[in-house]
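Per-entry structural report
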Amino acid sequence: KGILLAFQDESWPGLNPVLRSRWMRKREQTHVRTPGKNRRINVFITLLWPSRCLRYNIYRRRRVIEFKRHLQRLIGYVKRKNYRRLILITDNAKAHQCAEARRYIEENSAILKVFYLPSYSPQLNEVEGRINRRIKHEVCANHQHKTLEELAKATRACLGTYNKRHKLTDAT
């Protein structure tokens, strides 16, 4: 008791829409405009298990600085909810593996334990299958967002509906 398990991954929704098949009336075709240069946002997503609630942060870039900020917020959440320890399962992205990230994880080893998934194994990460797929479908597929702020708002709305659907209490 007092241990929280979490899966962490990132998603990169962009301004250029992902074109997917969709239903259209006969002799009609939907036009999906693209802005040309694909600017993106980065969403650090952590799925808490077994409650399936999300903790996420949206940034403009994906670097170790943003990863550390996300971890700081997760540690703050763990402390507020009176958990003793957070076990975080994540992939092998450069931001997770660099010396600065490892140093930060080591400094917080009393509360944070990180396990890295094997390379090229997205099927083992719950965020990849449950959340990233939903973001790509609901936010990116056949949608046009004019600004990064609009894209971030749509991403927040998508993740917010996920949290509302899985409104379960934490095991504290």
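These figures come from a predicted structure and were not determined experimentally.

**What about the confidence of the model for the protein?**
This prediction gives the protein a mean pLDDT of 87; 91% of its residues lie at or above 70. Taken element by element, the protein is modelled with least confidence in helix α4 (residues 126-140), mean pLDDT 88, and with most confidence in helix α3 (residues 99-107), mean pLDDT 97. When the criterion is pLDDT under 50, residues 168-172 qualifies, and its contacts beyond four places in sequence or with other chains add up to 12 contacts.

**Remarks on helix α5 (residues 148-165)**
In this model, α5 (18 residues) spans 26 Å end to end at C-alpha, consistent with the 26 Å of a helix rising 1.5 Å per residue. Regarding α5, the residues found buried are L148, L151, A152, T155, C158, L159, Y162 and N163. Projected down its long axis, α5 shows its buried positions confined to an angular sector of 140°, all on one face. Looking at α5, the residues exposed on the side facing more than 90 degrees away from the buried face are K153 and K164.

**As for the packing of α4 against α5**
Their axes nearest at 10 Å, the elements α4 and α5 cross at an angle of 130°. In terms of orientation, α4 and α5 fall into the oblique class. The way α4 lies across α5 gives a crossing that is right-handed. On α5, the residues that touch R130, I131, R134, I135, E138 and V139 of α4 are L151, A154, T155, C158, L159, Y162 and R165. For the contact of α4 with α5, the residue count by class is eight nonpolar, one polar and four charged.

Definitions and limits used
- Residues numbered from 1 in each chain as written.
- Predicted model: local features only at pLDDT ≥ 70, side-chain atom pairs only at ≥ 80, totals over all residues.
- Heavy atoms only, no water.
- pLDDT = per-residue confidence, 0-100.
- Helix = DSSP H or I, 4+ residues; strand = E, 2+ residues; numbered from the N terminus.
- Contact = heavy atoms within 4.5 Å.
- Expected span 1.5 Å × (residues − 1).
- Buried < 20%, exposed > 50% of the residue type's maximum accessible area, 1.4 Å probe, protein only.
- Arc of directions from axis to C-beta.
- Axes fitted to C-alpha atoms, helices over the stretch in contact; angles between N-to-C directions.
- Parallel < 35°, antiparallel > 145°, perpendicular 65-115°, else oblique.
- Left-handed = near helix turned anticlockwise from the far one by under 90°.
- Nonpolar A, V, L, I, M, F, W, Y, C, P; charged D, E, K, R; others polar.

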